[in-house]
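Here's the letter readout for the chains.
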Amino acid sequence: MMETVVIVLLAYLIGAVPSGYLIGRIFYGVDLKKTGSGNIGATNVKRVAGKKLSKITAICDMLKAIIPVLLTRILIWTDILQANESLSLSLVAIAAILGHNYTIFLKFKGGKGVATSAAAFMIVIPIPFLITAVIFFGLKLVTKIVSIRSLVAGATLFLSTL
């Protein structure tokens, strides 16, 4: 049990690394919290600093979930961690997402968690994730508004998981 608590806390801290904020600050010299929408996610990075840095931010945001979730799965499969796999993966994924959304490093103000959540779902529930990804990217033909596509993706993920 204690090992699971430690892994969940580590997942939160990994998720809390404000990659968009750091990328904006280091590579573009801007404070994303004070520019564009004020959000530190990839969409605001794209508005402020361009596509290249936005893609790097999205990848970093995804890695914040992929690393702890995969590490947890490996620890369980190798019997290093004796825990319920579904529960542990879910807790770790949620912790990484909460870390991104409410980062301790920026007074609990982070991103919206879209890329981090997508990456977590990609590892935990791959089939519903693939269905959702097809819908999300297919909607790009209809609307360029990421938030609308994200809302539809959330509903699609819920329904396809059922």
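Residues numbered from 1 in each chain as written. Predicted model: local features only at pLDDT ≥ 70, side-chain atom pairs only at ≥ 80, totals over all residues. Heavy atoms only, no water.

Caption draft 1: Inspection of the pattern of salt bridges at higher detail. Tallied over the entire structure, the rule returns three salt bridges. Taking the shortest distance from any N to any O, the salt bridge between Lys64 and Asp61 comes out at 3.4 Å. Of this pair, Lys64 and Asp61 both sit in helix H4 (residues 51-77), three residues apart, which is roughly one turn of the helix. Just as Lys64 is buried, Asp61 falls in that class too. Of the charged contacts, one joins Glu85 and Arg73 as a salt bridge, the two residues approaching to 3.2 Å between their closest N and O atoms. Remark: Arg73 occurs in helix H4 and Glu85 occurs in helix H5 (residues 85-101); sequence separation between them is 12 residues. (Salt bridge = Lys/Arg side-chain N within 4 Å of Asp/Glu carboxyl O. Helix = DSSP H or I, 4+ residues; strand = E, 2+ residues; numbered from the N terminus. Buried < 20%, exposed > 50% of the residue type's maximum accessible area, 1.4 Å probe, protein only.)

Caption draft 2: Highlighting the environment of Gly50. Turning to its location among the elements, Gly50 is positioned in the loop between helix H3 (42-49) and H4. For the pair Gly50 and Gly110, spaced 60 residues apart in sequence, the C-alpha to C-alpha distance is 19 Å.

Caption draft 3: Summary view of the nonpolar core. Counting 19 residues, the largest nonpolar core has Ile7, Ala65, Val69, Leu81, Val92 and Ala120 as the members making the most contacts within it. Counting residues per element, the ones that place at least two in this core are helix H1 (2-16), H4, H5 and helix H6 (114-124). Among the elements that line this core, the one with the most residues is H5, at six residues. Excluding residues that lie within four positions of it along the chain, Leu81 makes contacts with Glu3, Thr4, Ile7, Thr72, Leu75 and Ile76. Core analysis: the second largest hydrophobic core is formed by 10 residues, Tyr21, Leu32, Leu53 and Leu106 among them. (Core = buried A, V, L, I, M, F, W, Y, C linked by side-chain atoms within 4.5 Å. Contact = heavy atoms within 4.5 Å.)

Caption draft 4: Up close: unusual backbone geometry. Notably, Lys107 is not glycine yet its phi reads approximately 55°, a positive angle. With respect to the helices, strands and loops of the structure, Lys107 is situated in the loop between H5 and H6. The phi angle at Phe108 is positive, at roughly 65°, despite the residue not being glycine. Along the polypeptide, Phe108 turns up in the loop between H5 and H6.

Caption draft 5: The arrangement of the packing of aromatic side chains in detail. The full count for this structure, using the stated rule, is one aromatic pair. On the numbers, 5.1 Å between centres and 85° between planes, the contact of Phe136 with Phe137 is edge-to-face. Above the plane of the ring of Phe136 lies Arg149, whose end atom (NZ or CZ) is 4.5 Å from the centre. (Phe/Tyr/Trp six-rings, centres within 6.5 Å; stacked < 30°, edge-to-face > 60°. Lys NZ or Arg CZ within 6 Å of the ring centre and 35° of its normal.)

Caption draft 6: The arrangement of the side chain of Ser54 in detail. Relative to the elements of secondary structure, Ser54 occurs in helix H4. Here Ser54 falls in the buried class, since its relative accessible area comes to 9%. Polar side-chain contacts of Ser54 include one of 2.9 Å to the backbone oxygen of Ala42. (Polar contact = N/O pair within 3.5 Å; in protein donor to acceptor, adjacent residues only side chain to side chain.)

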